[in-house]
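Residue strings, one per chain:
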Amino acid sequence: MPATAAARKSTIITPYRPLEKRPLPAGRPRKWYVTHNRRLKAMRLSIALLDSGIYLPTQASNEKIRHTAELVGIRPPSDTTCRLVRTLLRYSR
C-alpha cells in the first residue's frame, strides 16, 4: 500500500542529541580497541570535512584534517588516521 505524503513527512520536535556512549566490550585484544577508536575518530573527522565543503581526498591534506580536528575539539590525528579519513572520503561517493 502506498503511504501518503503526509504520513511520510516527519518533523523534528527536539534538538539533536548524540547517542549515549556505552563502554566497549571487554576481552578483546588491544589492537581491536585501537582500530575501533581510530575508525570512530576518522568518521567524526570525515563528517566534519564533508560539512565544511571538502568532498575529495585530494582536498584533504594532513594539515587541513588536523586543523578541522582542532576546530571540532578532537585531538590531532596521526598520519594513519589522516590516511583513513582520506580513504573514507574516497569511498563515500
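In this text the structure is predicted, and so the values were computed from the model without any measurement.

On to the overall build of the chain, then. Check the secondary structure of the chain and you find four helices and zero strands. The secondary structure elements of the chain, listed N-terminal to C-terminal, are α-α-α-α. Of all 93 residues assigned to the chain, the portion counted as buried reaches 23%. In the form shown here, the chain has an accessible surface area of approximately 8,000 Å², with 57% of it arising from carbon and sulfur atoms.

This part covers the packing of aromatic side chains. Any pair of aromatic rings gets described here by the distance separating the centres and the angle formed by the planes. If you walk through the whole model with that rule in mind, you get one aromatic pair. Summarising the aromatic geometry, the rings of Trp32 and Tyr33 are spaced 5.1 Å apart at their centres and angled 90 degrees between planes, so their arrangement reads as edge-to-face. On the basis of relative accessibility, which here comes to 28%, the residue Trp32 falls in the partly exposed class. Cation over ring: Arg28 sits above Trp32, and NZ or CZ is 4.4 Å from the ring centre.

Along the polypeptide, Asn62 turns up in helix H3 (residues 62–72). Non-local contacts of Asn62, meaning those with residues more than four positions away in its chain, are made with Asp79, Cys82 and Arg86.

This part is about the confidence of the model for the chain. Where the model shows low pLDDT, its predicted coordinates should not be examined in detail. The share of residues in the chain with pLDDT of 70 or more is 78%, and the mean pLDDT across the chain is 85. Averaged pLDDT values over the elements of the chain bottom out at 54 in helix H1 (residues 5–8) and peak at 95 in helix H4 (residues 79–91).

About the cut-offs
Counting of residues starts from 1 at the beginning of each chain's written sequence and follows it residue by residue. Side-chain atom pairs in this predicted model are given and counted only at pLDDT of 80 or more, local residue features only at pLDDT of at least 70, and totals for whole chains, interfaces and linings cover all residues. The basis for every side-chain value is the complete set of heavy atoms in the structure, and neither hydrogens nor water enter the calculation. Labels follow the DSSP assignment, with helices taken as runs of H or I lasting at least four residues and strands as runs of E lasting at least two, numbered in each case from the N terminus. Burial classes: relative accessible area under 20% of the type maximum marks a residue as buried, over 50% as exposed, and values in between as partly exposed (1.4 Å probe, protein chains only). Each accessible area is a Shrake-Rupley estimate made with a 1.4 Å probe; only the visible protein chains count as cover when residues are assessed. Two rings belonging to Phe, Tyr or Trp (six-membered ring only in the last case) form a pair when the distance between their centres is within 6.5 Å. Interplanar angles under 30 degrees mark stacking, angles over 60 mark edge-to-face geometry, and anything in between is tilted. Here, a charge over a ring is recorded when the distance from Lys NZ or Arg CZ to the ring centre is within 6 Å and its angle to the ring normal is within 35 degrees. We call two residues in contact whenever any of their non-hydrogen atoms come within 4.5 Å of each other. Residue-level confidence of the predictor, termed pLDDT, takes values from 0 up to 100.

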